[in-house]
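# Architecture at a glance
Below are the chains, spelled out letter by letter.
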Amino acid sequence: MKRILVVEDEQHLAFGIKFNLEAEGYDVTVCTEGPAALAMIEDDPLGIELVVLDLMLPGMSGYAICEEIRKQGNQVPVLILSARTLTEDRIRGFDVGADQYLTKPFELDELISRVRNLLARFSRRPAPTTKELKTYDFGRAQINFDTYEVNVAGQPVQLTATEMKLLRYFIDNEESVISRAQLLEDVWGFANSPTTRTVDNFIVRLRKYFELDPAEPQHFLSVRGAGYRFVSGNAPA
């Protein structure tokens, strides 16, 4: 039975979510404040398989909780529920490492669908092995995916959780042409998302960090009408 932690201080909403997710066969725990939720996740990092997280919480914001989870190296899927509907709120949520963002009020069927999708997607991921990529070098850059440390030309560069996730996705799919829609689905968790410049804005940021001349990129290439392609330059000609 999949275990879900619901972090929500509106008790009527929290227990409504709990009731309906339990009806779907999930084991659901409710927590109403930030520090207690983070302590539960720290105490059982592998037992909790999904976090449904409000942003406005007593003691500690949902943003801070999600950011701390990712700093600890925990990749448990996080679904943010929030009444905040501005684009900058959603972007901040993804920047601290959230997988999906659902605004209140929401349809119960959509919440259950997103929960099911996240649990299925993460359960299909292969277990880590000793060969799992932990560090990677390309161009002038050295990346450590365990510590989130990035150096470019000997200088430290601070990437957000979403920027690291996008960078890792490109590295894992080197030389492949990836559409914006595919990036939105696999990196941001947007299924059937409307057209957005989110991907383009993040590519601009990656080019600024890693390209010698962002106007003439050598690594993060645009493929007209198709999407983007990452080229490390490490492979022999």
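Just so it is clear, the model here is predicted, and its values are computed rather than measured.

For the rest of this paragraph, the subject is the packing of helix α6 (residues 161–172) against helix α7 (residues 180–188). Interhelical geometry of α6 versus α7 gives an angle of 120° and a closest axis separation of 10 Å. Considering their axes alone, α6 and α7 lie oblique with respect to each other. Of the two elements, α6 crosses α7, and the hand of that crossing is right-handed. The segment α6 lies against α7, with Thr162, Lys165, Leu166, Tyr169 and Phe170 engaging Gln182, Leu183, Asp186, Val187 and Trp188.

Moving on, we get to the confidence of the model for the chain. This prediction gives the chain a mean pLDDT of 86; 91% of its residues lie at or above 70. Confidence drops under pLDDT 50 across residues 124–131; counting only partners more than four residues distant or on other chains, this segment forms zero contacts.

Next up on the list: the packing of aromatic side chains. Under the defined criterion, the tally for this structure stands at eight aromatic pairs. Here Phe138 and Phe220 contribute two aromatic rings whose centre-to-centre distance is 6.2 Å and whose plane-to-plane angle is 80°, an arrangement assigned as edge-to-face. Of this pair, Phe138 sits in strand β6 (residues 135–138) while Phe220 is found in strand β11 (residues 220–223), placing the two residues 82 residues apart along the sequence. The pair Phe138 / Phe220 is uniform in exposure class, with both members buried. Considering the side-chain rings of Phe210 and Phe220, the 6.1 Å spacing of their centres and the 40° angle between planes classify their relative orientation as tilted. In this pair, Phe210 is assigned in helix α8 (residues 198–210) and Phe220 in strand β11, connecting sequence segments ten residues apart. Neither Phe210 nor Phe220 differs from the other in exposure class; each is buried. Linked through ring pairs, Tyr136, Phe138, Phe170, Tyr209, Phe210, Phe220 and Phe230 together constitute an aromatic cluster.

We now examine the nonpolar core. Among the nonpolar cores identified, the biggest contains 50 residues, and Phe138, Phe170, Leu183, Trp188 and Phe210 are the most heavily contacted of them. Top contributing element to this core by residue count: α6, with six residues. Once you skip the residues sitting within four places of it in the chain, Phe210 turns out to touch Phe138, Arg140, Ala141, Val150, Val152, Leu159, Leu167, His219 and Phe220. Listed in part, the 19 residues of the second largest apolar core include Val6, Leu13, Ile17 and Leu81.

Let us now look at the side chain of His219. Note that His219 resides in the loop between α8 and β11. Of the polar contacts made by the side chain of His219, one reaches the backbone oxygen of Ser232; its length is 3.4 Å. Excluding residues within four positions of it along the chain, His219 makes contact with Phe138, Gly139, Phe210, Glu211, Arg229, Phe230, Val231 and Ser232.

Below, the discussion takes up the environment of Lys2. With respect to the secondary-structure elements, Lys2 resides in the segment before β1 (3–7). In this structure the C-alpha to C-alpha distance between Lys2 and Arg84, which are 82 residues apart in sequence, comes to 28 Å. Within the structure, Lys2 has its side chain in polar contact with the side chain of Glu49 (distance 3.3 Å).

With that settled, consider the pairing of β6. Along β6, the buried face is formed by Tyr136 and Phe138; none of Thr135 and Asp137, which line the opposite face, is buried. As paired elements, β6 and strand β7 (residues 141–144) share four bridges and run antiparallel to each other. In the sheet register, Thr135 faces β7, and the bridge partner there is Asn144. Linkage of β6 to β7, two consecutive antiparallel strands, is achieved through a turn of two residues, within which Gly139 is found at a positive phi near 50°.

Thresholds applied
- Residues numbered from 1 in each chain as written.
- Predicted model: local features only at pLDDT ≥ 70, side-chain atom pairs only at ≥ 80, totals over all residues.
- Heavy atoms only, no water.
- Axes fitted to C-alpha atoms, helices over the stretch in contact; angles between N-to-C directions.
- Helix = DSSP H or I, 4+ residues; strand = E, 2+ residues; numbered from the N terminus.
- Parallel < 35°, antiparallel > 145°, perpendicular 65-115°, else oblique.
- Left-handed = near helix turned anticlockwise from the far one by under 90°.
- Contact = heavy atoms within 4.5 Å.
- pLDDT = per-residue confidence, 0-100.
- Phe/Tyr/Trp six-rings, centres within 6.5 Å; stacked < 30°, edge-to-face > 60°.
- Buried < 20%, exposed > 50% of the residue type's maximum accessible area, 1.4 Å probe, protein only.
- Core = buried A, V, L, I, M, F, W, Y, C linked by side-chain atoms within 4.5 Å.
- Polar contact = N/O pair within 3.5 Å; in protein donor to acceptor, adjacent residues only side chain to side chain.
- Pairing = 2+ DSSP bridges.

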